[in-house]
Amino acid sequence: MVHTNSPIGFFDSGVGGTSIWKEVITRLPKEHTIYLSDSENAPYGEKSKEQIIALCEKNTKFLLQKNCKIIVVACNTATTNAIDSLRSNYNIPFIGIEPAIKPAALNTKTKKIAILATKGTLNSTLFEKTSSIINKDIEVKETTGKGLVELIEDGKLNSKEMTSLLSSYLKPMIANNIDSLVLGCTHYPYLIPQIKKIIGEKIQIIDSGEAVAKQTQVILNKYNIANTHSNPQHIIYTNKDTAILQNLLSKCIPENLRILKAKF
Ligand code: DGL
């Protein structure tokens, strides 16, 4: 039986969705959370829609066994390929994340924006639908960030390989005179310091973390399941290496966080 004291569940293809999890626990500091890092199966972005749906179902079942009250799909690739299927198969609220191209399109001055995302997100029907309502005067340069997720999953956030791969994706965007860069993958906020070194301060970087945290709060209130009294406990389960997560979160490990290896 789900109640206010039940945890909020999260999953991602790996460690990246913790960028969203951090926003949520900052906004909702009384909530217990359980996060699944499906690193063994990363990257999702190169998989077929059917494979992505099957992985999302597996993750959802694990979180339901842990009695989660809502599930945040902390992955653009999983959301854009599987959220409709999850919503029709499971009787629990799902919060998804999509690339924030609408706000970027509303604010651009140069009428040129760029989006960096996975192949799975950029090729999805949901993303196509969102892009189709963008004003036709605005040029949207889409780039697949192939290889970035793998480097982050390998703990090579600050490596030379990362800098040169990022440069190869970002330099053509700068040459194209964009003024906004949408990060369409939850792993990429971890790259913001390196991205800024390449693109400078003039190009605005947009991600959807805060919007997801706000929406999570709205949904908890709507269903009357927000927690107001707890001393929150956080568990991150990974099916790969716990050290990568320890390093990634070293600057912001909240109290009562356990990072555990599990099979799922
Ligand atoms: N964090 C996932 C996303 O937002 C990464 C996708 C992948 O595993 O390729 O899309």
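Each residue is numbered by its place in its chain's sequence as written, counting from 1. Local features in this predicted model are restricted to residues whose pLDDT is 70 or higher, and side-chain atom pairs enter the listing and the counts only when it is 80 or higher, whereas totals over whole chains, interfaces and linings include all residues. Where side-chain values are given, they derive from all heavy atoms of the structure, hydrogens and water being excluded.

Quick look at the side chain of T238 now. Every helix listed is a DSSP run of H or I at least four residues long, and every strand listed is a run of E at least two residues long, numbered separately from the N terminus. As for its position among the elements, T238 is in strand β9 (residues 234-238). Throughout, exposure labels follow a simple rule: accessible area from a 1.4 Å probe, protein chains only, divided by the maximum for the residue type, with under 20% read as buried, over 50% as exposed, and the rest as partly exposed. Owing to a relative accessible area of 1%, T238 belongs among the buried residues under this scheme. Sequence-distant contacts of T238, defined by excluding residues within four places in its chain, comprise S37, S39, L245, L260, K261, A262 and F264. What makes two residues a contact is simply this: any of their non-hydrogen atoms within 4.5 Å.

Let us look at helix α9 (residues 192-199). The complete set of buried residues in α9 reads Q194, I195, I198 and I199. Considered in projection along α9, the buried side chains sweep an arc of 120 degrees and stay on one side of the axis. In α9, the exposed positions that point more than 90 degrees away from the buried face belong to P193 and K197. In this structure, the buried side of α9 is in contact with α8 (160-175), β7 (180-184) and β8 (204-206). The directions considered for the arc are those from the helix axis to the C-beta atoms.

Of all 6 residues making up strand β5 (residues 112-117), 5 are buried, and the element is well covered by its neighbours. Pairs of strands are assigned from DSSP output, requiring at least two bridges between the strands. Bridge analysis of β5 against strand β6 (residues 139-144) gives 6 bridges, and the strand direction is parallel. Among the inter-strand pairings, L116 is bridged to a residue of β6, identified as T143. Bridging between β5 and β7 involves 5 bridges; their strand directions are parallel. Across the sheet, the residue bridging to A117 is G184, located in β7.

Another point: the site of the ligand. Whether a residue is near a molecule or strand depends on its heavy atoms: if one lies within 4 Å, it is near. In the vicinity of the ligand lie 13 residues, with S13, Y44, G45, T77 and T186 positioned nearest. Measuring from an oxygen atom of the ligand, one finds a backbone N or O atom of G45 at 2.7 Å. Any pair of nitrogen or oxygen atoms within 3.5 Å is treated as a polar contact; in protein, a donor-acceptor pairing is required on top of that, and neighbouring residues in sequence qualify only through side-chain atoms on both sides. Within the side chain of T186, a nitrogen or oxygen atom sits 2.7 Å from a nitrogen atom of the ligand. Here the open area of atoms and residues is found with the Shrake-Rupley method and a 1.4 Å probe, where only the protein chains shown may cover a residue. Relative to its unbound accessible surface of 290 Å², the ligand loses 99% to contact with the protein. Here the shell around the ligand is composed, by residue class, of 5 nonpolar, 7 polar and 1 charged. By the convention adopted, Pro, Cys, Tyr, Trp, Phe, Met, Ile, Leu, Val and Ala count as nonpolar, Lys, Arg, Asp and Glu as charged, and the other residues, Gly among them, as polar.

Here we take up the packing of helix α1 (residues 18-27) against helix α10 (residues 209-222). Any two packed helices are characterised by how steeply their axes cross, that is the angle between the axes, and by the distance between the axes. To get an axis, fit a line to the C-alpha atoms, keeping to the stretch in contact for a helix; angles then go from 0 to 180 degrees between the N-to-C directions. Viewed as axis vectors pointing N to C, α1 and α10 meet at an angle of 50 degrees, and their least axial separation amounts to 8 Å. In terms of their interaxial angle, α1 and α10 are classed as oblique. The two elements α1 and α10 meet at a crossing, and its hand is right-handed. For the pair α1 and α10, contact is made by I20, E23, V24 and R27 and by G209, E210, V212, A213, K214, T216 and Q217, respectively. A class-by-class count of the residues in the contact of α1 with α10 yields 4 nonpolar, 3 polar and 4 charged. What sets the label is the angle itself: under 35 degrees gives roughly parallel, over 145 gives roughly antiparallel, 65 to 115 gives roughly perpendicular, and the rest give oblique. Working rule for handedness: look at the near helix, and if it is turned counterclockwise from the far one by less than a right angle, call the crossing left-handed; if clockwise, right-handed.

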